[in-house]
Amino acid sequence: MSQVSLPQSLQKDLPLTALAPMQDVTNLWFMKVIAHYGSPDYFFTEYFRVNDTSRLNRSILAAITENDTGRPVFAQMIGESIPDLVRTAKELCGYNIAGVDLNMGCPAPRIYRKNVGGGLLLSPEKVERILGELRSAVNDRPLTVKMRVGFENTDNFYKILDIINRHSIDLLSLHGRTVKDMYHGAVKYDLIAEAVKRVNCPVLANGNIHSATTALEVLSQTGAAGVMVGRWAIGNPWLFNQIRQALRCEPITLVPLVEVRNYIDRLWQTPRASTMPERSRVGYLKMFLNYIALSVDAEGHFLRLMRQTQTEVEMFNLCDRFLLADITKTLALAPYSGV
């Protein structure tokens, strides 16, 4: 992959890390929050929806144009209309992006039923045409793909990997579950290892990488060029730094729960805070707390009680009770099992 090169400022001797694109999460604000605790090597935007009437979403575009994290940002698209994907890719190449990424893995039914995202995996012939046209349009910077190992099964897996090779894709981010698996069940790291052997570009292993130890195990098992972390970086924004520490065989820095309480304060200060009703704002924060809580207490009391809170006062009183009561307590290095 001659085109995808790490900036001089980044460690070149370590496997790559990337924050997975997550709709309604990985906006400019969240990238900045993550960067405060230790950026991944690469960011990916939320997906730009592409169709015959689409225009570049301004708020997603801000994650590129106003990004001061010092990290390269890939612009992700989702769609199936080839002329419009080509048009959008060319528009995106007018901005300071690390590359253009095609979403072929989104598992949301409302998405794949439109034959986009993970729905594309049902049609290798369509994937062939899309990647062929995009490769012709995106010739001065990387063209990358994020996908899963299949839709309902893995029947098309190798066929699509060969298509990726034919069109000289520069980087493949591979989630080791099918679309229908959503986020449940075992991740097929063996298939990620098969992809690493079969494709000519670097592969980022994605799927349930919830700790630095897991990251090392997955890298060892798959031979991947790096890891892409999604939901578990919401629960532990220190994870990318911890992964780098583990890769350098350094002790992993434990995070006091007091620092987790500060992180929650940052999350509460969403840019939309002033216009959001309290109930909506509490609900939005719970989306993050659902992951944070899994590493706070092994019994799951914090998670259960947090979900019952309805107001800002209730929620932050609870956070204070669990996170500030004992300054010696730390965030678990991996989510507690069974919580």
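Residues numbered from 1 in each chain as written. Predicted model: local features only at pLDDT ≥ 70, side-chain atom pairs only at ≥ 80, totals over all residues. Heavy atoms only, no water.

Going by the annotation in an unreviewed UniProt entry, the name recorded for the chain is tRNA-dihydrouridine synthase, with Atlanticothrix silvestris CENA357 given as the source organism. Taken directly from UniProt, the Cofactor (unreviewed entry) text for the chain runs: "FMN". Checking UniProt for the chain, the heading Function (unreviewed entry) contains the comment "Catalyzes the synthesis of 5,6-dihydrouridine (D), a modified base found in the D-loop of most tRNAs, via the reduction of the C5-C6 double bond in target uridines." (UniProt positions renumbered as here; feature names shortened; annotations may be inferred.)

## Quick word on the overall build of the chain
Helix and strand counts for the chain stand at 14 helices and eight strands. In summary, the chain has a C-alpha radius of gyration of 20 Å against a globular reference of 20 Å for 339 residues, a match within 12%. Principal-axis analysis of the C-alpha atoms places the extent of the chain at approximately 60 × 45 × 40 Å. Across the 339 residues of the chain, 58% fall into the buried class. Total accessible area computed for the chain in this model is approximately 14500 Å², and 48% of it derives from carbon and sulfur atoms. (Helix = DSSP H or I, 4+ residues; strand = E, 2+ residues; numbered from the N terminus. Rg over C-alpha atoms; globule rule 2.2 N^0.38 Å. Buried < 20%, exposed > 50% of the residue type's maximum accessible area, 1.4 Å probe, protein only. Areas by Shrake-Rupley, 256 points an atom, 1.4 Å probe, with all protein chains shown as cover.)

## Considerations on the UniProt feature "active site" (unreviewed entry) in the chain
Under the UniProt annotation, "active site" (unreviewed entry) lies at C106. Tracing the backbone shows C106 in the loop between β4 (99–104) and α4 (109–112). Dropping the residues within four chain positions of it, C106 is found in contact with Y47, I78, I111, Y112, G117, G118 and V179. (Contact = heavy atoms within 4.5 Å.)

## Structural notes on empty space enclosed by the protein
Inspection of every chain in the model, using the stated rule, returns one cavity of 30 Å³ or more. Taken as a whole, the largest cavity spans an internal volume of roughly 60 Å³. If you trace the largest cavity, you find it lined by H210, W232, G235, N236, Y291, S295, L331, A332, L333, A334 and P335. Along the lines of polarity and charge, the residues of the lining of the largest cavity split into seven nonpolar, four polar and no charged. (1 Å grid on protein atoms, 1.4 Å probe; cavity = no way out; pocket = protein on both sides within 12 Å on 5 of 7 lines; lining within 4 Å. Points joined across faces, edges and corners; volume = space filled by probe spheres on them. Nonpolar A, V, L, I, M, F, W, Y, C, P; charged D, E, K, R; others polar.)

## Topic: the layout of surface pockets
Estimated volume of the largest pocket: approximately 670 Å³. The set of elements that each furnish at least two residues to the lining of the largest pocket consists of α4, β5 (143–150), β8 (226–229), α9 (231–235) and α12 (278–292). Residue contributions to the lining of the largest pocket peak at three residues, all from α9. Here the lining of the largest pocket is composed, by residue class, of 18 nonpolar, nine polar and five charged. In this structure, the second largest pocket encloses a volume near 330 Å³. N27, E46, S59, I60 and R272 are, among the 15 residues lining the second largest pocket, the residues nearest its centre.

## Some words on the pattern of salt bridges
Under the counting rule described, the total for this entry stands at 14 salt bridges. We note a salt bridge from E80 to K126, for which the minimum N-O separation is 2.5 Å. With E80 in the loop between β3 (73–78) and α3 (82–92) and K126 in helix α5 (residues 124–137), this pair connects stretches of sequence that are 46 residues apart. Assessed through its relative accessible area of 31%, E80 is described here as partly exposed. With a shortest N-O distance of 2.9 Å, D265 and R261 are connected by a salt bridge. One end of the pair is D265 and the other is R261, both in helix α11 (residues 257–268) and four residues apart, which spans about a single turn. (Salt bridge = Lys/Arg side-chain N within 4 Å of Asp/Glu carboxyl O.)

## Overview of the pairing of β3
The buried count for β3 comes to six of six residues, which makes it a mostly enclosed element. Of the two faces of β3, both are covered, the one formed by V73, A75 and M77 as well as the one formed by F74, Q76 and I78. Pairing geometry for strand β2 (residues 42–49) and β3, over five bridges, is parallel. Counterpart to R49 in the pairing with β3 is I78. The handedness of the β2 to β3 crossover, carried by helix α2 (residues 58–65), is right-handed. Pairing of β3 with β4, which is carried by four bridges, proceeds in the parallel orientation. Residue pairing in the sheet places Q76 in a bridge with D101 of β4. Traced from β3 through α3 to β4, the parallel crossover comes out right-handed. (Pairing = 2+ DSSP bridges. Right-handed = clockwise from strand over helix to strand, strands pointing away.)

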